[in-house]
Amino acid sequence: MTTNFFNPVTTQTWTNGRHHVRCVKIIQETWDVRTFCFMAEQPVMFFFKPGQFVTLELEIDNQPVMRSYTISSSPSVPYSFSITVKQVPGGQVSNWLHANLKVGDELVVHGPVGNFNSIDFPAEKVLLLSGGVGITPLMSMTRWLFDTNANVDVEFIHSARAPRDVIFHRELVHMFSRIPEFKLHIVCEKKEDIGEAWAGYRGFLTQPMLELMAPDFLEREIFCCGPVPYMNAIKAILRANNYNMDHYHEELFGETPVDVQEDVLELAEQAEVEAELAEPEDLINIEFAQSGKSVRIQAGETVHAAAAKLGLHIPKACGMGICGTCRVELKSGEVEMEHNGGITDEDIEEGYILSCCSKPKGDLVVDF
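Basis of the calculations
Residues numbered from 1 in each chain as written. Predicted model: local features only at pLDDT ≥ 70, side-chain atom pairs only at ≥ 80, totals over all residues. Heavy atoms only, no water. Helix = DSSP H or I, 4+ residues; strand = E, 2+ residues; numbered from the N terminus. Buried < 20%, exposed > 50% of the residue type's maximum accessible area, 1.4 Å probe, protein only. Contact = heavy atoms within 4.5 Å. Areas by Shrake-Rupley, 256 points an atom, 1.4 Å probe, with all protein chains shown as cover. Phe/Tyr/Trp six-rings, centres within 6.5 Å; stacked < 30°, edge-to-face > 60°. Core = buried A, V, L, I, M, F, W, Y, C linked by side-chain atoms within 4.5 Å. Axes fitted to C-alpha atoms, helices over the stretch in contact; angles between N-to-C directions. Left-handed = near helix turned anticlockwise from the far one by under 90°. Nonpolar A, V, L, I, M, F, W, Y, C, P; charged D, E, K, R; others polar. Salt bridge = Lys/Arg side-chain N within 4 Å of Asp/Glu carboxyl O. Patch = residues over 30% accessible without salt bridge, like charges linked within 9 Å, V, L, I, M, F, W, Y side chains within 5 Å. Lys, Arg positive; Asp, Glu negative; His and termini not counted. Charge placed at Lys NZ, Arg CZ, Asp CG, Glu CD. Pairing = 2+ DSSP bridges. pLDDT = per-residue confidence, 0-100. Arc of directions from axis to C-beta.

### Some remarks on the overall build of the protein
No. 1: Of the regular secondary structure elements, the protein holds eight helices and 21 strands.
No. 2: Residues classed as buried in the protein amount to 49% of the 368 residues present.
No. 3: When contacts within the protein are restricted to residue pairs at least 6 apart in sequence, those whose partners lie at least 24 apart make up 68%.
No. 4: Put simply, the protein shows about 18,500 Å² of open surface, and 51% of that area lies on carbon and sulfur atoms.

Written as structure tokens, this is what we have:
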């Protein structure tokens, strides 16, 4: 590393898009969880909102694969970013990363994006609730609050299977030991046969436990991430106590659910039938400027579907406007875009759209 690395003239700031990065460090967090740290070859300040995520663009068994992972590091350490991945039995990408990704390897990432973040919802008192590897976005938030000396009252409650499964345990204990306003609570779910000495909470998180750990939980801004049953249980407790759910935030992205995939296939079949019956004057012209190709589609079809009809592959991971991978620039025309946090207001103002969830209002020209 040379002094030029810190030259402000050559250092760039990370923006949502497609970026080449290199793995520079791998940390074994627990027996089945690893943190992968990345940097750019040219100096880049990786600023993002704590809680946001990136989408990895990989090639596994000669097939392109996209997968989204929360950034677990903090933007307060700006020249690199990290993702923390649990090895899931049968998981295609997590197992590939654990078995194959090495220090020095290069890959492509898209992002950062995501509405689940602590910057857009500031509060003096927050409650962070996580289950398992769902701790990663909340760890990013906690690191940010710790590093910036934020005047925030933090209650952090994490649920793990057993003591050996508590990710970032030593770092959490260190941070929470230095700031009186930060309070840490860990629940180990296995009541029997934990296999280690454990004097803390056991079992699944319940309302009595929550009241013991954070008696004022109804007064706090809440950020929650974990398995769906875990988050559903949390929401049930909050709703039973008339909590204002406008102050509840949860991480939503993941693999496209099977029922959504089936709906997409069914809608595609319907679209083919309707296209055969459509009058030519009712079709919308979509031009892809870089490729020089164009296609006429029905109203209600997406820009991504239009590209696919021409054999143009716009990268896509979720298909629901969450991951931000399919972002393209709109040169002219207007669309109706129903996204789920995969694009920022700044990107929209600059003319970008998510092709998977953007339906043309009329003729379009797309920069692709």
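### Let's talk about the packing of aromatic side chains
No. 1: Here the structure, examined in full by the defined rule, presents nine aromatic pairs.
No. 2: For the pair Trp-14 and Phe-46, a centre-to-centre distance of 4.9 Å together with 80° between the ring planes defines the contact as edge-to-face. Of the two residues, Trp-14 is situated in the loop between β1 (12–13) and β2 (17–30) and Phe-46 in the loop between β4 (44–45) and β5 (53–60); the sequence distance between them amounts to 32 residues.
No. 3: Look at Phe-46 and you get buried, because its relative accessible area is 1%.

### Quick notes on the nonpolar core
No. 1: Among the nonpolar cores identified, the biggest contains 24 residues, and Trp-14, Phe-38, Leu-56, Phe-81, Ile-83, Leu-97 and Leu-107 are the most heavily contacted of them.
No. 2: Taken together, the elements giving at least two residues each to this core come down to β2, β3 (33–39), β5, β6 (63–70), β7 (81–86), α1 (92–100) and β8 (106–113).
No. 3: Broken down by element, this core gets its largest block of residues, four residues, from β5.
No. 4: Among all residues touching Phe-81, those that are not within four sequence positions of it are Trp-14, Val-21, Phe-36, Cys-37, Phe-38, Phe-46, Phe-48, Val-54, Ile-71, Ser-73 and Val-109.

### Overview of the packing of helix α2 (residues 135–147) against helix α3 (residues 169–178)
No. 1: The geometry of α2 relative to α3 is characterised by a closest axis approach of 11 Å and an angle of 35° between their N-to-C directions. α2 and α3 meet at a crossing whose hand is left-handed. Within the contact between the two elements, α2 uses Ile-135, Met-139, Thr-142, Arg-143 and Phe-146 and α3 uses Glu-171, Leu-172, His-174, Met-175, Phe-176 and Arg-178.
No. 2: Split by residue class, the contact of α2 with α3 holds six nonpolar, two polar and three charged.

### With respect to the pattern of salt bridges
No. 1: Under the criterion given, the structure shown has 17 salt bridges.
No. 2: One salt bridge in this structure joins Asp-120 and Lys-49, with 3.0 Å as the shortest N-O distance. Here the residue Asp-120 occupies a position in the loop between β8 and β9 (125–131), and Lys-49 occupies one in the loop between β4 and β5, the gap between them amounting to 71 residues.
No. 3: With its nearest N and O atoms 2.7 Å apart, the salt bridge here joins Arg-143 to Glu-171. Taken together, the residues span a long stretch of sequence, with Arg-143 in helix α2 and Glu-171 in helix α3 at a distance of 28 residues.

### Examining the environment of Leu-101
No. 1: Its place among the elements puts Leu-101 in the loop between α1 and β8.
No. 2: Sequence spacing of Leu-101 and Ile-26 is 75 residues, and the spatial spacing of their C-alpha atoms is 8.9 Å.
No. 3: Non-local contacts of Leu-101, meaning those with residues more than four positions away in its chain, are made with Cys-23, Ile-26, Phe-36, Phe-38, Trp-96 and Leu-107.

### Structural notes on a negative patch on the surface
No. 1: A surface patch of like charges, here negative, comprises Asp-345, Glu-346, Glu-349 and Glu-350.
No. 2: Among the secondary structure elements, Asp-345 is positioned in helix α8 (residues 345–349).
No. 3: Judged by relative accessible area, which is 57%, Asp-345 ranks as exposed.

### A look at the sheet that holds strand β19 (residues 352–354)
No. 1: With mixed pairing, five strands are arranged side by side in an open sheet as β16-β15-β21-β17-β19. Each edge of the open sheet is held by one strand with a lone partner, namely β16 (293–297) and β19. Between one strand axis and the next, the sheet turns through 35° on average, direction left out of account.

### A short note on the pairing of β7
No. 1: Across the six residues of β7, five count as buried, placing the element largely inside the fold.
No. 2: Strand direction decides the pairing type here: β3 and β7, joined by six bridges, are antiparallel. Paired with Phe-36 across the strands is Ile-83, a residue of β7.

### Comments concerning the confidence of the model for the protein
No. 1: Counting all residues, the mean pLDDT for the protein is 86, and 88% of those residues have values of 70 or more.
No. 2: Low confidence marks residues 254–268, where pLDDT is under 50. Its contacts with residues over four positions away, or in another chain, come to eight contacts.

### A word on α3
No. 1: For α3, the full list of buried residues reads Leu-172, Met-175 and Phe-176. Projection of α3 onto a plane perpendicular to its axis shows the buried side chains occupying an angular sector of 90°, all on one side. Facing away from the buried surface of α3 by more than 90 degrees, the exposed residues are Arg-170, Ser-177 and Arg-178.
No. 2: In this structure, the buried residues of α3 make contact with α2, β10 (153–160) and β11 (182–188).

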